[in-house]
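# Coordinate analysis (summary)
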Amino acid sequence: MITTTRAGRYARCVGLALVLLVASEALPAPAQEVAGALVKRGVLAGNLYLAGSRIDVRADVDGDVVATGGRVSVGNVVRGDVLAAGGLVTVAGEVRDDVRVAGGAVEMTATIAGDALAAGGSVSIAPETHIGRRAWFAGGEVDVRGRVARSLRVAGATIRMGAEVQGDVELAGAEIEVLPSAQIGGNLTYRSPRPAVIHPDARIVGTVTHRQVDTPPVGRWVAVAGWLARIALVLSLALAGLMLVLLFPGLTAGAVQTLRRSVWSSLGLGFALLVAAPVAAVLLIATGIGAPLGLALGATYLVALLTGILIAVAFVGAVATRGVWTTTRGRLVLSLLIGVLVLGVLMLFPLAGALATTIGTVWGLGALALHGHRLYAGAAKPSTTEP
């Protein structure tokens, strides 16, 4: 994503995270479902939270749509936000607020009243797309058409820009082409190792500025790999979280509640374990006799790190649902999916994403260990959940 100042980057990061945190607060009784395939039709009141291998929302939703799955399709009228992550994400119809999506491939054919943000291996914005405010797109291949009422910012290895944009346009890519259909009401600024291909029929009211960027030949493949890795990580976390909730709901709920009650104790214990556990594993392996125990400790440590970040994102999701503290499997899944989406947005900003992942892992690791100790010592009983 392109930003003009470092302060602007961080402000936008915080703003996006806060929007996601409050996205589920509009209505007190959201609909939530987890299944292999989900198809929604008709008129639905309230917010809608879905997770599954295939999700198809062709209903009029009087609230937000939050969805994650292998294939996610949203159409008709959504009166709130759309937040989605999946292998293939398609947004069509009318969205009367903002759209924030990430996927292996993202396709957008919609009328969007607010802002639009999309990241993916490929991002395609159709000519019939109308965006009422600003737009940010990033991916390996980005093709932008349609209309944007304010500014447009695009980052990608290959960029094709043929949209009608009322404000400024900023592009960053290895290969940039401004198509004949492009109409830019403000300035065009692009960062690239080579001059962009700007067709004579493209209409640019303001100035055109090329900022030279020296990129090695493999640079664009590294950039694409980075985006794909982020997307794969978000999807993997969502799937791993669903497995954790379904297999160990009591442990997950108890650890999240422990994190809520013992924030600083969890952070301190988590940091200690983060440093001490791998050192102990290496020392045991080095002794030879303790090698099996060291290897077992190392494997357990890796599993605990994954579980820790999942507990942390579930905690963030629980905060977003205004104190719904994971008393059922459905609420556990809801909290976890919202938390994963927040982390996915933060990962659009490398420094913020790395910081959030590290802190979340440490916090969740400490809460898991603290909850386990309390159970073992008899200070707490296992949390119960409804099936």
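Read on for a plain summary of the structure. (Residues numbered from 1 in each chain as written. Predicted model: local features only at pLDDT ≥ 70, side-chain atom pairs only at ≥ 80, totals over all residues. Heavy atoms only, no water.)

A few words now on the nonpolar core. Counting 49 residues, the largest nonpolar core has Val91, Val101, Met108, Phe137, Leu152 and Leu171 as its most contacted members. Setting aside its immediate chain neighbours within four residues, Val101 contacts Val82, Ala84, Val89, Val91, Val106, Met108, Leu117, Ala118 and Ala119. (Core = buried A, V, L, I, M, F, W, Y, C linked by side-chain atoms within 4.5 Å. Buried < 20%, exposed > 50% of the residue type's maximum accessible area, 1.4 Å probe, protein only. Contact = heavy atoms within 4.5 Å.)

This paragraph deals with the environment of Asp168. Looking at the element boundaries, Asp168 is found in the loop between strand 13 (164-165) and strand 14 (169-178). Residue classification places Asp168 among the partly exposed positions, given a relative accessible area of 38%. Here the alpha-carbon distance between Asp168 and Gly206, two residues 38 residues apart in the chain, equals 8.3 Å. Among the polar contacts listed, one links the side chain of Asp168 to the backbone nitrogen of Asn187, at a separation of 2.8 Å. (Helix = DSSP H or I, 4+ residues; strand = E, 2+ residues; numbered from the N terminus. Polar contact = N/O pair within 3.5 Å; in protein donor to acceptor, adjacent residues only side chain to side chain.)

Turning to the pattern of salt bridges, a few remarks are in order. Under the criterion given, the structure shown has eleven salt bridges. One salt bridge in this structure joins Arg145 and Asp143, with 2.6 Å as the shortest N-O distance. Of the charged contacts, one joins Asp143 and Arg160 as a salt bridge, the two residues approaching to 3.5 Å between their closest N and O atoms. Taken together, the positions of Asp143 in strand 10 (residues 135-144) and Arg160 in strand 12 (residues 152-161) put the pair 17 residues apart, joining distant regions of the chain. Where salt bridges share partners, they join Asp143, Arg145, Arg160 and Glu177 into one cluster. (Salt bridge = Lys/Arg side-chain N within 4 Å of Asp/Glu carboxyl O.)

Structurally, Ser151 can be placed in the loop between strand 11 (147-148) and strand 12. Taking relative accessible area as the criterion, Ser151 reaches 15% and is therefore assigned buried.

One non-glycine residue, Asn76, adopts positive backbone phi at about 60 degrees. Positionally, Asn76 belongs in the loop between strand 4 (65-74) and strand 5 (77-78).

A large share of strand 10 lies buried, amounting to nine of its ten residues. Judged from the nine bridges that link them, strand 8 (residues 116-125) and strand 10 form a sheet pairing that is parallel. Its bridge partner lying in strand 10, Ala119 is registered against Ala138. The sheet contact formed by strand 10 and strand 12 spans nine bridges and is parallel. Across the sheet, residue Trp136 finds its bridge partner in strand 12, namely Arg153. (Pairing = 2+ DSSP bridges.)

On to the packing of aromatic side chains, then. A complete count under the given rule lists one aromatic pair for this structure. Note on Trp264 and Trp363: the rings are 6.4 Å apart at their centroids and 50 degrees apart in plane angle, and the pair reads as tilted. On the criterion of sequence distance, the pair formed by Trp264 in helix 4 (residues 263-287) and Trp363 in helix 7 (residues 350-377) is long-range, its members being 99 residues apart. (Phe/Tyr/Trp six-rings, centres within 6.5 Å; stacked < 30°, edge-to-face > 60°.)

Residues three or four positions apart in an α-helix share a direction because the helix packs 3.6 residues into each turn. Its 13 residues give helix 3 (residues 249-261) an end-to-end C-alpha distance of 18 Å, which sits within 8% of 18 Å, the value for a rise of 1.5 Å per residue. Considered for burial, the residues of helix 3 that qualify are Pro249, Gly250, Thr252, Ala253, Gly254, Ala255, Val256, Thr258 and Leu259. (Expected span 1.5 Å × (residues − 1).)

Spatial relationships are all this shows, so hold off on functional conclusions.
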